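Next come the chains, spelled out residue by residue.
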Amino acid sequence: MTSFFEGIADLFVNHLFWPLDQLRFMHSWWGANFINWILAAIGFVAFIYWMLQLKQYSDNDEEDKSISSHSYL
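Residues numbered from 1 in each chain as written. Predicted model: local features only at pLDDT ≥ 70, side-chain atom pairs only at ≥ 80, totals over all residues. Heavy atoms only, no water.

## Focus on the overall build of the protein
When you go through the protein residue by residue, the secondary structure sums to 4 helices and 0 strands. Counting across all 73 residues of the protein, residues that qualify as buried make up 3%. (Helix = DSSP H or I, 4+ residues; strand = E, 2+ residues; numbered from the N terminus. Buried < 20%, exposed > 50% of the residue type's maximum accessible area, 1.4 Å probe, protein only.)

## Some words on the environment of Trp37
Looking at the element boundaries, Trp37 is found in helix α4 (residues 34-59). Residue class for Trp37 comes out partly exposed when judged on its relative accessible area of 44%. Excluding anything up to four places from it in sequence, Trp37 contacts Trp29 and Trp30. (Contact = heavy atoms within 4.5 Å.)

## Focus on the pattern of salt bridges
Where charged atoms from two side chains of opposite charge come close, those side chains can pair. Evaluation of the coordinates by the stated rule reveals 1 salt bridge. The salt bridge partner of Asp59 is Lys55, with a shortest N-O separation of 2.8 Å. A residue pair is termed a helical-turn pair when its members lie 3 or 4 positions apart in one helix, as Asp59 and Lys55 do in helix α4 at 4 residues. (Salt bridge = Lys/Arg side-chain N within 4 Å of Asp/Glu carboxyl O.)

## Overview of α4
In a regular helix each residue adds 1.5 Å, so 26 residues correspond to 38 Å; α4 covers 38 Å between its end C-alpha atoms and thus fits that length. Trailing α4 by a residue or two, Asp61 shows a phi angle of about 55 degrees, which is positive. (Expected span 1.5 Å × (residues − 1).)

## What to know about the packing of aromatic side chains
By the definition in use, this model includes 5 aromatic pairs. Look at Trp29 and Trp30: their rings are 5.0 Å apart centre to centre, the planes differ by 90 degrees, and that puts the pair in the edge-to-face class. The exposure classification of Trp29 matches that of Trp30, with both residues exposed. Their ring planes at 75 degrees and their centres at 6.1 Å tell us that Trp29 and Trp37 sit as a pair that is edge-to-face. For Trp29, a relative accessible area of 52% translates into the label exposed. Members of the aromatic cluster, each reached through a chain of ring pairs, are Trp29, Trp30 and Trp37. (Phe/Tyr/Trp six-rings, centres within 6.5 Å; stacked < 30°, edge-to-face > 60°.)

The following block contains the structure:
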């Protein structure tokens, strides 16, 4: 059973994370953080898309904003 977990560790450390190890030893800050910038851009685009969808539903008055369930609303 120990060899199974050592095999999984070898797979991740020596093979799947190899590209990230190469980025770590680059001399360029921009090159080493390229993946971070891509993920930040994807997150920003997803946030804008989500906000536009929320605005669309808000403009269509599809949400039930009645105060029938709780008196404090």
